[in-house]
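These are the residues of each chain, in order.
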Amino acid sequence: MASLTASSLSFSSVSCSFKPNQVSNLRKASLSFSGKGFPSHRMPALRFRVACAAKPETVNKVVEIVKKQLALPEDRDVNGESKFATLGADSLDTVEIVMGLEEEFGISVEEESAQSITTVQEAADMIEKLLEKK
């Protein structure tokens, strides 16, 4: 089943398969759908991002570091979707968070990558990617 609302499209079940060497070069994809209730439709090429979520323990460590760096109360709800700016972090706080992550995980984050991190999940994903390269 598919439903179209404004500019979003959601499916109740979707199945995808990628060959490992195809994912890194994937830039655009076509989407087609058909079934009872509506004729077959083909949509133009769409851009999308395939990402793997970091391990929960990595996200939890990042949450702890962010809470400590921003001096947030222990009962403050911080999760993968939490944005640093929403938690009250300015650019200096974000730099200090990244420095704390580097120290905790024994990694080195390039300045360009550090500037693109805006959420706890993005930080955790980046950490796992860097640890994978080690």
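It should be emphasised that the depicted structure is a prediction, and the values quoted were computed from it without experimental measurement.

Peer 1: How should the packing of helix α2 (residues 56-69) against helix α3 (residues 91-105) be read in this particular structure?
Peer 2: Packed helices, taken two at a time, are described by the angle their axes make and the gap between the axes. Packing of α2 against α3 brings their axes to within 10 Å, and their N-to-C directions diverge by 135°. With respect to each other, α2 and α3 are oriented oblique. For the pair α2 and α3, the sense of crossing is right-handed. Where α2 approaches α3, its residues Thr58, Lys61, Val62, Ile65, Val66 and Gln69 are matched on the opposing element by Asp93, Glu96, Ile97, Gly100, Leu101, Glu104 and Phe105.

Peer 1: Mind showing me how you'd approach the packing of α2 against helix α5 (residues 120-133) here?
Peer 2: Orientation of α2 relative to α5, taken along the N-to-C sense of each, is 125°, at an axis distance of 9 Å. In terms of orientation, α2 lies oblique with respect to α5. The handedness of the crossing between α2 and α5 is right-handed. Between α2, through Thr58, Val59, Val62, Val63 and Val66, and α5, the contact on the second element is made entirely by Val120, Gln121, Ala123, Ala124, Ile127 and Glu128. Each residue belonging to the contact of α2 with α5 can be placed in one class, and the counts come to eight nonpolar, two polar and one charged.

Peer 1: Would you mind showing me how to read the nonpolar core here?
Peer 2: Generally speaking, a soluble globular protein has its nonpolar side chains buried in company with each other. Core analysis: the biggest nonpolar cluster contains 25 residues, and Val62, Val66, Phe84, Leu101 and Val120 have the highest contact counts within it. Among the elements of the structure, α2, α3 and α5 are those that each provide at least two residues to this core. Sequence-distant contacts of Leu101, that is, excluding residues within four places in its chain, are made with Val62, Ile65, Gly106, Ile107, Ala123 and Ile127.

Peer 1: Please clarify how the environment of Asp90 should be interpreted in this entry.
Peer 2: Within the element layout of this structure, Asp90 appears in the loop between α2 and α3. Expressed as a C-alpha distance, the spacing of Asp90 and Leu70, which sit 20 residues apart in the sequence, is 9.8 Å. At 3.1 Å, the side chain of Asp90 forms a polar contact with the backbone nitrogen of Leu92.

Peer 1: Just to check I follow, could you spell out the side chain of Thr119 for this structure?
Peer 2: Looking at where Thr119 falls in the secondary structure, it is placed in the loop between α4 (111-116) and α5. If near-sequence neighbours (up to four positions away) are discounted, Thr119 is found in contact with Gly80, Glu81, Ser82, Lys83 and Phe84.

Peer 1: Teacher, can you tell me more about the side chain of Asp93 here?
Peer 2: Residue placement: Asp93 occurs in helix α3. Buried charge Asp93 goes without a salt bridge, the closest partner of opposite sign being Arg76 at 11 Å. Setting aside its immediate chain neighbours within four residues, Asp93 contacts Gln69, Leu70 and Gly88.

Peer 1: Is there a simple way to think about the pattern of salt bridges in this case?
Peer 2: Close approach of charged atoms allows side chains with opposite charge to pair. One pass over the structure, following the stated rule, counts one salt bridge. With a closest N to O distance of 3.9 Å, Glu104 and Lys61 form a salt bridge. Placement of the pair is Glu104 in helix α3 and Lys61 in helix α2, with a sequence separation of 43 residues. Among the residues examined, Lys61 registers a relative accessible area of 36% and is labelled partly exposed.

Peer 1: Quick question: what am I supposed to make of unusual backbone geometry here?
Peer 2: Negative phi values dominate among residues other than glycine, just as trans dominates among peptide bonds. Backbone geometry at Ala71 places phi at a positive 50°, although glycine is not the residue there. With respect to the element layout, Ala71 can be found in the loop between α2 and α3.

Peer 1: What am I meant to see in α5 here?
Peer 2: Within an α-helix, residues lying three or four positions from one another point in the same direction, as the helix has 3.6 residues per turn. Taking 1.5 Å as the rise per residue, α5 with 14 residues should run 20 Å; its terminal C-alpha atoms sit 20 Å apart, in good agreement. Those residues of α5 that sit buried are Val120, Ala123, Ala124, Met126 and Ile127. One side of α5 carries all its buried residues, which in axial view fall inside an arc of 165°. Set apart from the buried face of α5 by more than 90 degrees, the exposed residues are Lys129, Glu132 and Lys133. Looking at the packing, one finds that the buried side of α5 touches α2, α3 and α4.

Criteria and cut-off values
Residues numbered from 1 in each chain as written. Predicted model: local features only at pLDDT ≥ 70, side-chain atom pairs only at ≥ 80, totals over all residues. Heavy atoms only, no water. Axes fitted to C-alpha atoms, helices over the stretch in contact; angles between N-to-C directions. Helix = DSSP H or I, 4+ residues; strand = E, 2+ residues; numbered from the N terminus. Parallel < 35°, antiparallel > 145°, perpendicular 65-115°, else oblique. Left-handed = near helix turned anticlockwise from the far one by under 90°. Contact = heavy atoms within 4.5 Å. Nonpolar A, V, L, I, M, F, W, Y, C, P; charged D, E, K, R; others polar. Core = buried A, V, L, I, M, F, W, Y, C linked by side-chain atoms within 4.5 Å. Buried < 20%, exposed > 50% of the residue type's maximum accessible area, 1.4 Å probe, protein only. Polar contact = N/O pair within 3.5 Å; in protein donor to acceptor, adjacent residues only side chain to side chain. Lys, Arg positive; Asp, Glu negative; His and termini not counted. Salt bridge = Lys/Arg side-chain N within 4 Å of Asp/Glu carboxyl O. Expected span 1.5 Å × (residues − 1). Arc of directions from axis to C-beta.

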